[in-house]
Amino acid sequence: MRRWLMLINNPFRPTKFEWEKRPIIWLSRRARDLIPSIKPVYISGSRGSGKTTILRSLSSRQIATDPNLRKQHGKRKLSWYGQYLQFNSTFQEQTDGIIEAAGLNGDPQSQYRLFTTYFEITLLSSFLNDLIHFQEIDYLHFSAADEGRACEELTSLLRKFPWANSRNMHSFHDARRLARELQTEFLRPSWDLDQESVREAIGAILPGSVIKFIKDFALRSVRSKEFDDSGVEFFILLDDCEALSAPQQVALNTYIRRTEGVAKWVVSFLSGRFNTSDTSINNTFLTEDDRDLILMNKMSESEFTTFSEQVANLRLTTFLGQLPTYSKTGKPGSFNLEKTFGRSEPYNDLIAQIIKGSEKRELSAFKSEVASTKGMLLKYVNANFIDRFSCGKDQLPYIEHIVLQALDVRVEQYSSPEAQSSLAKTIDGKQAAAYIAFCARYGVKPIYCGANYIKAVSDRSIRDFLDVMAELFDVLSNPRQSQSADVFPRGLHDTAHRFLSGDRIPNSAQSSAILLASQAKYKNLSQLRSSEPQIERLVLSLAHLQAEIERDHNDWFAVKTPTRGRFLVEIPSQTTVEETYSPGKRILELIWRLEFDRYIKVVSNEEKSNFVEVTFALHRRLRPHVSCGYTGPYDPLIPLQLNWLSDILGAGDTFDPEKWGREKYAALKRTNGSSNQMFLPL
């Protein structure tokens, strides 16, 4: 069978690294910047933000097996050897079982030694496995003499292990076999562990000794045209470190501090789920002088634009390069977000498109009202401000009409240029709210399009960006999905080439893809209905409340009030044993779980005198499905009462999230009389 027939028919899928048989990795500027320094680096971010990509792009195994990645590193020889390790959810459980079996509860020093010993044996096993693999594929070599000296050193290093049986090693194959056997001993069920043997194993090697062996002996024996002749640094690349328990996180920090200068550590974890400063060394904390922090969720818009463009470009060119028709169309260009999707369409133009494609009589009447407003604006607005009020030739000021109505503005009272400029700024700040309220009033779906919207709905997550792109690719290559007459020519090759051509993709196709991507996120949510129904209920309830707030078109109320997109909840601090399993604790745990699964983004988590104040927002990809916008500002906040959320958790199968949203919005609107209330008109 021809190779192209076996390809997945969408270059943007799969979107998760672990699901890809041959991952396509872009070497980012952030990853490049990590190479020269020996300083430890801690990388935090939400799921799908690109943490694993950074680590994998520095992994020697990944570089050796991925020609695209090696090409991105350039022709120069590599100055480091990167060993990638991924903590899994069973690591904490396994080590806790060993601690229990060896009777080490309450002994922090022994627990630290257990962590480092088990980690170093795991590191050694993984390193030797890769080293032998590299020799087998002719990527590197080592002389028999150098290999023998390294194995002599390793024999001496491991001689005190109770399970090593004073075994001499003569090759890296022998060493790998022993490392795996030692791992197996550690992985025995707790009831099958010998307490004395475990205690002996914990004290068998000094922390950091295996790392020093790898750098000073094993790597020095390596010969390869890929590596710098003067020697290489050893990079330890640790992924998913949020899987470690709190004591293990402190142990890792301590370990990193004590092996400073021996290896370069790059540690990644979910935002807010790792202690980046505490150590078990007296009066010693990790500060910015000891390690660098990379916050993937704080990536600037320009950096995310470059990141997403380069990832998309690499996937598209790789995909096209594997299709037999690639050469017939000529060499494609480079993917560019703004060229492909256009700048964000003015809201007035989007409303004009909606009215043009609709047969609703009330929209024709609305258009006539707007034409009258244009006449009034032309009468009173200074000639220099005509364009700012969308009153140029062939323009109609739909947004201006809505905002002027909502705020009950009499334009004739704004006679000076300064006053008119101020009014224009007010209208600019209300455009998104007016657009969403218009769509709600007339029962039409908003059109979502433009490069800025594609980036916004991705919410700084490369995985969400790829999900949107995958849906768009399907829409363009499968016409039945689009229900649109103005999409581009179909076919996998033509569609992939079109993304690289610089031609603009129609708004209708963009909007269809964004809605499909939003619906897919809700579909993923619905899969939790049988096992964790409270998660689906909570997200749906918040989404419907958000929709009620943004889509309240009665008297254009949503336009009158400030745009809100962040929720605020105050959770009492846990002070007693009885409160350990309080509703507040359950809700706090659920909030972190929702962020972990990319349904919300926690903005702040502040400890107050007797409560925790948490602010968070729905993931922007959830918003199109409920016909919401995405723009800010997001202050003031949407206050949530703790008992409202508790009711959701305790509800049964008959719970109606949409009804909950309506009821809570009505309650928020009724609230008044306080300077802190959020729902008073401007």
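Figured I'd write up the structure that's included with this text. Keep in mind it's a predicted model, so treat the numbers as computed, not measured.

Inspection of every chain in the model, using the stated rule, returns 34 aromatic pairs. Seen in terms of ring centroids, tyrosine 347 and tyrosine 435 are 5.0 Å apart; in terms of plane orientation they differ by 40°. Their pairing is tilted. Separated by 88 residues along the polypeptide, tyrosine 347 in helix 14 (residues 347-356) and tyrosine 435 in helix 18 (residues 431-441) bring together distant segments of the chain. Owing to a relative accessible area of 3%, tyrosine 435 belongs among the buried residues under this scheme. Following the ring pairs from residue to residue traces out a cluster consisting of Phe12, Phe319, Phe335, Phe341, Phe473 and Phe499. In this arrangement the basic side chain of arginine 56 is found over the ring face of tyrosine 84, its NZ or CZ atom lying 4.0 Å from the centre.

Omega for the peptide link from arginine 13 to proline 14 comes to -10°, which places this bond in the cis form. Positive phi is not limited to glycine here, since asparagine 283 has a value of about 55°. By the secondary structure assignment, asparagine 283 is in the loop between strand 6 (264-270) and strand 7 (292-295). Its identity as a non-glycine residue notwithstanding, serine 390 has a phi of 55°, on the positive side. Relative to the helices and strands, serine 390 resides in the loop between helix 15 (361-380) and helix 16 (398-406). Since its relative accessible area comes to 11%, serine 390 is described here as buried.

Read across the sheet, four strands follow the order 9-10-8-11 without closing on themselves; strand pairing throughout is mixed. Among the strands making up the open sheet, the edge pair consists of strand 9 (600-607) and strand 11 (638-640). On average, each strand axis in the sheet is tilted by 25° relative to the strand beside it, whichever way the strands run. Inspection of the sheet shows strand 9 paired to strand 10 (residues 611-618) by seven bridges, in the antiparallel sense. The partner of glutamate 607 across the bridge, within strand 10, is valine 612.

Right, let's talk about helix 9 (residues 195-202) for a bit. Of all the positions in helix 9, only Ser197, Val198, Ala201 and Ile202 are classed as buried. An end-on view of helix 9 places all buried positions within 135° of arc, on one side of the element.

This part is about the sheet that holds strand 1 (residues 41-45). Pairing is parallel in the open sheet, where five strands are placed in the order 2-5-6-1-7. Of all the strands in the sheet, just strand 2 (80-86) and strand 7 have a single pairing partner and so form its edges. Here the average twist between neighbouring strands, direction ignored, is 15°. Pairing of strand 2 with strand 5 (residues 233-239), which is carried by seven bridges, proceeds in the parallel orientation. Its bridge partner lying in strand 5, glycine 82 is registered against phenylalanine 235. Across the sheet, helix 11 (residues 246-258) touches strand 1, strand 5 and strand 6, and the angle it forms with strand 6 is around 160°.

Below, the discussion takes up the nonpolar core. Leu158 and Leu252 are the most contacted members of the largest nonpolar core, which has 129 residues in total. Per-element accounting of this core gives the leading share, 13 residues, to helix 6 (residues 108-136). Sequence-distant contacts of leucine 252, that is, excluding residues within four places in its chain, are made with Phe115, Leu238, Cys241, Leu244, Trp265, Val267 and Phe274. Core analysis: the next-biggest nonpolar cluster, separate from the first, contains 41 residues, Leu542, Ala543, Tyr665 and Leu668 among them.

Cut-offs applied
- Residues numbered from 1 in each chain as written.
- Predicted model: local features only at pLDDT ≥ 70, side-chain atom pairs only at ≥ 80, totals over all residues.
- Heavy atoms only, no water.
- Phe/Tyr/Trp six-rings, centres within 6.5 Å; stacked < 30°, edge-to-face > 60°.
- Helix = DSSP H or I, 4+ residues; strand = E, 2+ residues; numbered from the N terminus.
- Buried < 20%, exposed > 50% of the residue type's maximum accessible area, 1.4 Å probe, protein only.
- Lys NZ or Arg CZ within 6 Å of the ring centre and 35° of its normal.
- Pairing = 2+ DSSP bridges.
- Axes fitted to C-alpha atoms, helices over the stretch in contact; angles between N-to-C directions.
- Arc of directions from axis to C-beta.
- Contact = heavy atoms within 4.5 Å.
- Core = buried A, V, L, I, M, F, W, Y, C linked by side-chain atoms within 4.5 Å.

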